[in-house]
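Residues per chain are reported as follows:
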Amino acid sequence: MTDDEGKALPEPGDAAGSSPGRRFPTGDLARISVFAALIAALGLPGALNVFGNAVPITLQTFGVMLAGAILGARRAALAIAVLLVLVAAGLPLLAGGRGGLGVFAGPSAGFLIGWLPGAAVTGWIVERGGRSPGIVRLLAACLAGGVAVVYLFGVPVQAALTGLPLGKAALLSSAFLLGDVIKAVLASIVVRGTQRAYPDAVPAVHTERLRVSGER
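Heads up: these notes are all about the structure in this document. (Residues numbered from 1 in each chain as written. Predicted model: local features only at pLDDT ≥ 70, side-chain atom pairs only at ≥ 80, totals over all residues. Heavy atoms only, no water.)

**Comments concerning the packing of helix α4 (residues 109-127) against helix α5 (residues 135-162)**
- For the pair α4 and α5, interaxial distance at closest approach is 7 Å and the crossing angle is 160°. Put simply, α4 runs roughly antiparallel to α5. The two elements α4 and α5 cross, and the hand of that crossing is right-handed.
- Here the residues of the contact of α4 with α5 are counted per class, giving 20 nonpolar, eight polar and one charged. (Axes fitted to C-alpha atoms, helices over the stretch in contact; angles between N-to-C directions. Helix = DSSP H or I, 4+ residues; strand = E, 2+ residues; numbered from the N terminus. Parallel < 35°, antiparallel > 145°, perpendicular 65-115°, else oblique. Left-handed = near helix turned anticlockwise from the far one by under 90°. Nonpolar A, V, L, I, M, F, W, Y, C, P; charged D, E, K, R; others polar.)

Right under this line is the structure:
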């Protein structure tokens, strides 16, 4: 498309800061990288194994909830994917300095894999809240995506890899439940405050701005 002087104009739908053929503007790529790094940083305090459970308690699920609620479904899933690819490549980005393909064959493999759909579900629920998702929706999103979906993947895989009955694996995982609910509450409070101070942290607002800038 050209203007009256023959100069090329951006095609409708191209977001500001993006180049032809690029699916994400530069700002979105930066946000994806930042949240992948944030989740990795939340592993620095280490991991805690309780009640003989081979799956450790970490702060990284808190980062998964934050990513979903602030980035939205698509970008959050990509942030998790970036992190997991780096872990698979051998970088010690998981709590306790774990990394490499071996972690995807261990008892926590299902929980790690569950981070990706968990972040996506969290983001999807928040996106349905429009320009001002309330604290109740944020909490529901964090509980549904960051807890229920992650457990849905994690518990059966743990049972399969350890040879435990599914019920016993679920009972062992219940030791995480109170901590994960607390993480969900804290994440929803942090996200709500962030979105009030920085409206572009609301996924629906950010998407709308990208669409508007692409239509100019």
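**A look at the nonpolar core**
- If you look at the biggest cluster of nonpolar residues, it comprises 42 residues, and the most contacted ones within it are Phe 35, Ile 39, Ile 80, Leu 83 and Trp 115.
- Counting only elements with at least two residues in this core, the list comes to α1 (26-41), α2 (60-71), α3 (73-88), α4, α5 and α7 (177-197).
- Leave out the neighbours within four places in its chain, and Ile 39 touches Gln 60, Gly 63, Val 64, Ala 67, Ile 80, Leu 83 and Trp 115. (Core = buried A, V, L, I, M, F, W, Y, C linked by side-chain atoms within 4.5 Å. Buried < 20%, exposed > 50% of the residue type's maximum accessible area, 1.4 Å probe, protein only. Contact = heavy atoms within 4.5 Å.)

**Thoughts on the packing of aromatic side chains**
- Counted by the stated rule, this structure contains two aromatic pairs.
- Judged by centre distance (6.0 Å) and plane angle (80°), the rings of Phe 111 and Tyr 151 are edge-to-face. You can see Phe 111 sitting in helix α4 and its partner Tyr 151 sitting in helix α5, a full 40 residues away along the chain. Judged on exposure class, the residue Phe 111 and its partner Tyr 151 are both buried.
- These aromatic residues form a ring-pair network of at least three members: Phe 111, Tyr 151 and Phe 176. (Phe/Tyr/Trp six-rings, centres within 6.5 Å; stacked < 30°, edge-to-face > 60°.)

**Remarks on α5**
- Taking 1.5 Å per residue as the helical rise, α5 with its 28 residues ought to reach 40 Å, and the 38 Å between its terminal C-alpha atoms agrees with that figure.
- A maximum bend of about 35° is found in α5 at Tyr 151.
- Once α5 finishes, Gly 163 follows within two positions and takes phi at roughly 80°, a positive value. (Expected span 1.5 Å × (residues − 1). Bend = angle between axes of the 7 residues up to and from the residue.)

**As for the pattern of salt bridges**
- Summed over the entire model, instances satisfying the criterion amount to six salt bridges.
- A salt bridge links Asp 200 to Arg 31, with the nearest nitrogen and oxygen atoms 3.0 Å apart. Placement of Asp 200 in the loop between α7 and α8 (203-215) and of Arg 31 in helix α1 is noted, with a sequence separation of 169 residues between them.
- You can call Arg 31 partly exposed: its relative accessible area is 23%.
- Residues Glu 208 and Arg 131 are paired through a salt bridge, measuring 2.9 Å at the closest nitrogen-oxygen approach. With Glu 208 in helix α8 and Arg 131 in the loop between α4 and α5, this pair connects stretches of sequence that are 77 residues apart.
- Residue classification places Glu 208 among the partly exposed residues on the basis of a relative accessible area of 28%.
- Note on Arg 131: relative accessible area 52%, which makes it exposed.
- Among the ionic contacts, a cluster of salt bridges with common partners joins Asp 28, Arg 31, Arg 75, Asp 200 and Arg 209. (Salt bridge = Lys/Arg side-chain N within 4 Å of Asp/Glu carboxyl O.)

All we've got here are geometric facts, nothing functional implied.
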